[in-house]
Number of protein chains: 2
Amino acid sequence: MSKFRKKCNRYYKFGAPTMAKKVGVYPYFMHINSEQNPVVEMDGKPTIMLGSNNYLGMTSHPRVKEKAIETINEFGVGTTGSRLLNGTMELHVELEQRLANFLGMEDCVVFSTGLLANFGSISALLSEEDEWVISDQYNHASIIDGIRLGRFNQENKYIFKHNDMDDLEKGLRSVPKGKGMIITDGVFSMEGDIAPLGHLVDLAEDYDAFVYIDDAHGVGVLGSHGRGTSDYFGVTDKIDLIMGTFSKSFASVGGYIAASKEVCNWIRHKSRPFIFTASPPPSTCATVLAILDIIEKDDSYQRNLLDMALKMKTGLSDAGFEVTDSHTAIIPLIIGSEKKMLKFFHELYKHEPKGVFTNPVRFPATPKGRELLRTSYMASMNADLIDEALEIITKVGKKIKVI
Amino acid sequence: MSKFRKKCNRYYKFGAPTMAKKVGVYPYFMHINSEQNPVVEMDGKPTIMLGSNNYLGMTSHPRVKEKAIETINEFGVGTTGSRLLNGTMELHVELEQRLANFLGMEDCVVFSTGLLANFGSISALLSEEDEWVISDQYNHASIIDGIRLGRFNQENKYIFKHNDMDDLEKGLRSVPKGKGMIITDGVFSMEGDIAPLGHLVDLAEDYDAFVYIDDAHGVGVLGSHGRGTSDYFGVTDKIDLIMGTFSKSFASVGGYIAASKEVCNWIRHKSRPFIFTASPPPSTCATVLAILDIIEKDDSYQRNLLDMALKMKTGLSDAGFEVTDSHTAIIPLIIGSEKKMLKFFHELYKHEPKGVFTNPVRFPATPKGRELLRTSYMASMNADLIDEALEIITKVGKKIKVI
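Residues numbered from 1 in each chain as written. Chains lettered and ligands numbered in written order. Predicted model: local features only at pLDDT ≥ 70, side-chain atom pairs only at ≥ 80, totals over all residues. Heavy atoms only, no water.

If you look chain A up in an unreviewed UniProt entry, it shows as Pyridoxal phosphate-dependent aminotransferase family protein from Candidatus Heimdallarchaeum endolithica. Looking at the Cofactor (unreviewed entry) heading of the UniProt record, one finds this comment for chain A: "pyridoxal 5'-phosphate". Per its UniProt entry, chain A bears the Sequence similarities (unreviewed entry) comment "Belongs to the class-II pyridoxal-phosphate-dependent aminotransferase family." (UniProt positions renumbered as here; feature names shortened; annotations may be inferred.)

(A) Structural view of the UniProt feature "domain: Aminotransferase class I/classII large" (unreviewed entry) in chain A. Taken from the UniProt record, the annotation "domain: Aminotransferase class I/classII large" (unreviewed entry) applies to residues 47-393 of chain A. Segment residues 47-393 of chain A splits into 42% helix and 16% strand. End C-alpha atoms: 13 Å apart. (Helix = DSSP H or I, 4+ residues; strand = E, 2+ residues; numbered from the N terminus.)

(B) Fine view of the domain arrangement of chain A. Residues and elements named next belong to chain A. Examined at the domain level, chain A breaks down into domain 1 (24-58 + 299-399) and domain 2 (79-280). The centre of domain 1, based on its C-alpha atoms, is set 28 Å off from the matching centre of domain 2. Taken together, the contact pairs 24 residues of domain 1 with 20 residues of domain 2. Each partner contributes to the roughly 1600 Å² buried at the junction of domain 1 and domain 2, and carbon and sulfur atoms together form 58% of this total. Of all residues in domain 1, Tyr55, Gln302 and Thr328 bury the most surface against domain 2, accounting for 29% of the area lost on that side. In this structure, the salt-bridge partner of Arg370 is Glu191, at a minimum N-O distance of 2.6 Å. (Domains from an automatic or database assignment. Contact = heavy atoms within 4.5 Å. Buried area = accessible area lost by both parts, 1.4 Å probe. Salt bridge = Lys/Arg side-chain N within 4 Å of Asp/Glu carboxyl O.)

(C) Molecular detail of the side chain of A:Thr284. Residues and elements named next belong to chain A. Inspection of the secondary structure puts Thr284 in helix α12 (residues 282-297). Taking relative accessible area as the criterion, Thr284 reaches 4% and is therefore assigned buried. If near-sequence neighbours (up to four positions away) are discounted, Thr284 is found in contact with Phe246, Ser252 and Val253. (Buried < 20%, exposed > 50% of the residue type's maximum accessible area, 1.4 Å probe, protein only.)

(D) Expanded view of the interface of chain B and chain A. Each partner contributes to the interface: chain B provides 106 residues, whereas chain A provides 106 residues. Summed over both partners, the interface of chain B with chain A buries about 9200 Å², with 62% contributed by carbon and sulfur atoms. Among the residues of chain B in contact with chain A, B:Phe4, B:Phe29 and B:Thr80 are the three that bury the most area, contributing 9% of the side total. For the interface between chain B and chain A, the tally reads 12 salt bridges. The partner of B:Arg5 in a salt bridge is A:Asp240, with the nearest N and O atoms 2.8 Å apart. Taken together, chain B and chain A are joined by 52 residue pairs in polar contact (both at pLDDT 80 or more). Residues belonging to the side of chain B that touches chain A are distributed by class as follows: 47 nonpolar, 35 polar and 24 charged. (Polar contact = N/O pair within 3.5 Å; in protein donor to acceptor, adjacent residues only side chain to side chain. Nonpolar A, V, L, I, M, F, W, Y, C, P; charged D, E, K, R; others polar.)

(E) Structural detail: the pattern of salt bridges. On inspection of all chains with the given rule, the structure shows 48 salt bridges over all chains. A salt bridge links A:Arg303 to A:Asp299, with the shortest nitrogen-to-oxygen separation between them at 3.1 Å. Accessibility expressed as a relative area gives 48% for A:Arg303, which makes it partly exposed. The closest approach of N and O atoms between B:Asp387 and B:Lys311, which form a salt bridge, is 2.9 Å. With B:Asp387 in helix α15 (residues 383-399) and B:Lys311 in helix α13 (residues 300-318), this residue pair connects regions lying 76 residues apart in the sequence. By relative accessible area, B:Asp387 is classed as partly exposed at 35%.

(F) Geometry of unusual backbone geometry. Cis geometry is adopted by the peptide bond preceding B:Pro353, which originates at B:Glu352 and carries an omega value of 0°. A positive phi angle, near 50°, is found at A:Asp43, a position not held by glycine. Looking at the secondary structure, you find A:Asp43 in the loop between β1 (39-42) and β2 (45-49). Residue classification places A:Asp43 among the exposed residues on the basis of a relative accessible area of 63%. The phi torsion at A:Lys401 lies on the positive side, around 65°, for a residue other than glycine. Relative to the elements of secondary structure, A:Lys401 occurs in the segment after α15 (383-399). The exposure class of A:Lys401 is exposed, given its relative accessible area of 65%.

(G) Looking closely at the relation of the copies chain B and chain A. Least-squares fitting of chain B to chain A yields an RMSD of 0.0 Å, with the superposition described by an axial translation of 0.0 Å and a rotation of 180°. This pairing of chains is accounted for by a two-fold axis. Residues of chain B ranked by C-alpha distance from the rotation axis are headed by B:Ile69, positioned 2.9 Å from it. (Least-squares fit on C-alpha atoms with pLDDT ≥ 70 in both.)

(H) Local environment of the pairing of β1(A). Residues and elements named next belong to chain A. The two faces of β1 differ: Val40 and Met42 on one face are buried, but Val39 and Glu41 on the other face are not. In this sheet, β2 lies alongside β1 in antiparallel orientation, the contact comprising four bridges. Residue pairing across strands places Val40 opposite Thr47, the latter belonging to β2. Linking β1 to β2, which pair antiparallel, is a turn of two residues; within it Asp43 sits at a positive phi near 50°. (Pairing = 2+ DSSP bridges.)

(I) Summary view of the sheet that holds strand β1 (residues 39-42) of chain B. Residue and element names in this part refer to chain B. Sheet architecture is open: three strands sit in the order β1-β2-β11, paired in mixed fashion. Only two strands of the sheet have a single partner each, and these edge strands are β1 and β11 (355-357). Each neighbouring strand pair of the sheet contributes to a mean axis angle of 45°, computed without reference to strand direction. When strand β2 (residues 45-49) meets β11, the two strands line up parallel, connected through three bridges. Bridged to Thr47 within β11 is Gly355. Strands β1, β2 and β11 of the sheet are contacted by helix α14 (residues 338-350), whose axis makes an angle of about 135° with β11. Taken strand by strand, α15 contacts β1, β2 and β11, and its axis lies near 100° from that of β2. (Axes fitted to C-alpha atoms, helices over the stretch in contact; angles between N-to-C directions.)

Right, dumping it as structure tokens:
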């Protein structure tokens, strides 16, 4: 029998997912049967959704839905083509211009997923043997794999300790001046901590490095009207590329790279993942445009989101849980043992009559001994719901002796 | 100045795209301002669309639009999460089951783009040092890059001559028995030619190879009710994986891998591009489900598509053009010189009062001396439109002396 069949069959019988299912601790691919609201339907019962990336709560905003629907009526359900060939509608061009304006950058390239924006931009930019990349150890998988796709010398990598500017400087010193690209998340997805971009851009200036920020979890959340982590630090003019995604605050699927017109032109013509992918459907463009219309005028969504996250952080801390000092939409509940973390996850999920859904985070997504439940918040939540979730989490936490 | 900025600036000033724009022969990123119908609006005038992948013409089908709209009303505009965590709706599970049934496979995994389906499946499967891949020289870029992402010995590759089963056998002989995976497109995107799967699966059996078919351009077009290239040859039970996309016959963006439950389980848990991407929006699932509802019952779309392509092939050939004996929705017009091909493209595009849009294909997408205009057809075209397009192509072809 083919080796490929054999290894898949063996994994299906004896692999970790199958074993976890057998003992009832498998935490993945749970089904949702409702809109992605603060309370969703899972397993036939209402469940408080503390495990989404729906930061601005826009997936079910009436004006956003209306705009997506109008656009389907006018422009159909898809483009069936790459941007390069038959997949550029005026909607795509409008969206790129609006995003560039919003972010304070010169130009923007839209991709069909956020992961592809990283894959496609990083691999296109790392194109010559003598180039270097200096990357935070906790950067997202799509950055790591984007680097692997780059056609440069794969040895030319320095992975710096998470958010450690001394180690970043050590990395910059070890790289030929002017030939390094620094890549970091703006907000880190698991613990919600923020990269120190003020310090980072100073170092970049000293060592003439190119700066690439993945702001997937920062846009919509930080900075004036949600312009993101660079805006929060007031350093947008010192950043070369800002990457972001449509599958979080922008409530759809897709991603973008905002940069100078020269860098965007490079990516449009050199990025294979961009060139060889069909463009986002008209309704995706309309969704993001509708959300930009709202948040450019009105920052109350962003403010309520941060209020709700702060309220939960304070509540959890007061109840005796270990939480970090996060200032974003992500509040991690540090548990420190995989077994206990999974038990906590399941007890919260199964809680009657209303469950609480969180994201279980284990090694290697977090270091051993730092296993955690990631919780995240939405602008469409209110204080009563936070109180209700807090009460359930506290009750369950006491029951299984996390506190 | 940073090397990255320098190279982008230089390319913006002196790169091939800029030079092509200066002399007015740049053929990319043309804007469409209408639905992707047989006649679209480009540059403010009606243009016959012979350069899409909208084979079944479903992007503007009333029932498809209606179903997408209903789903936005009921489930919102996005999931904001990966399938693994909070992005699995019952709609995704239903879609996977329906696709598996339609294709005659046991299970199916849905991805957020077709390119990611190849990236994610191939890189997940090629996971051990001693595995081999045997790949057609004209396979799509997403296959080539998926192989590059695999964590196997990158030397373990045999690229066989396009559709050449003798060379494939040579490759299989050079590989340890049972350790090779054959990858080929079912229908090739540029010339619309079909891989000889009958012969290929016999060889696979002889050498105990795993078989992976990218049927992006075959599904909807070939086989009973559009079940694709494997069905066309009656060899579905001898294929291990069938990959397809939603951005062609299925009128949206996304992709899938259909395979055994063991192989799908492997991909669901091992594929980083799958695990780290947000799931397709509800409206994408609804679009594909609505199209499956239609084509499972009614094969008149597929039949009309093939009739229209055949009518054009015959007409072009009768007019004296060099076309291949394609039996798919893609009819290539072989020009054989880049300069002439680009001139032909622009004259067709600028034709008044109605233009014709085609896809210019140059080296390296086609060998030097085989530069061509790719034309493709839609089920929603009728004989009058084909006659009209044929008349314009013939007139322009004579004017610039292609015939």
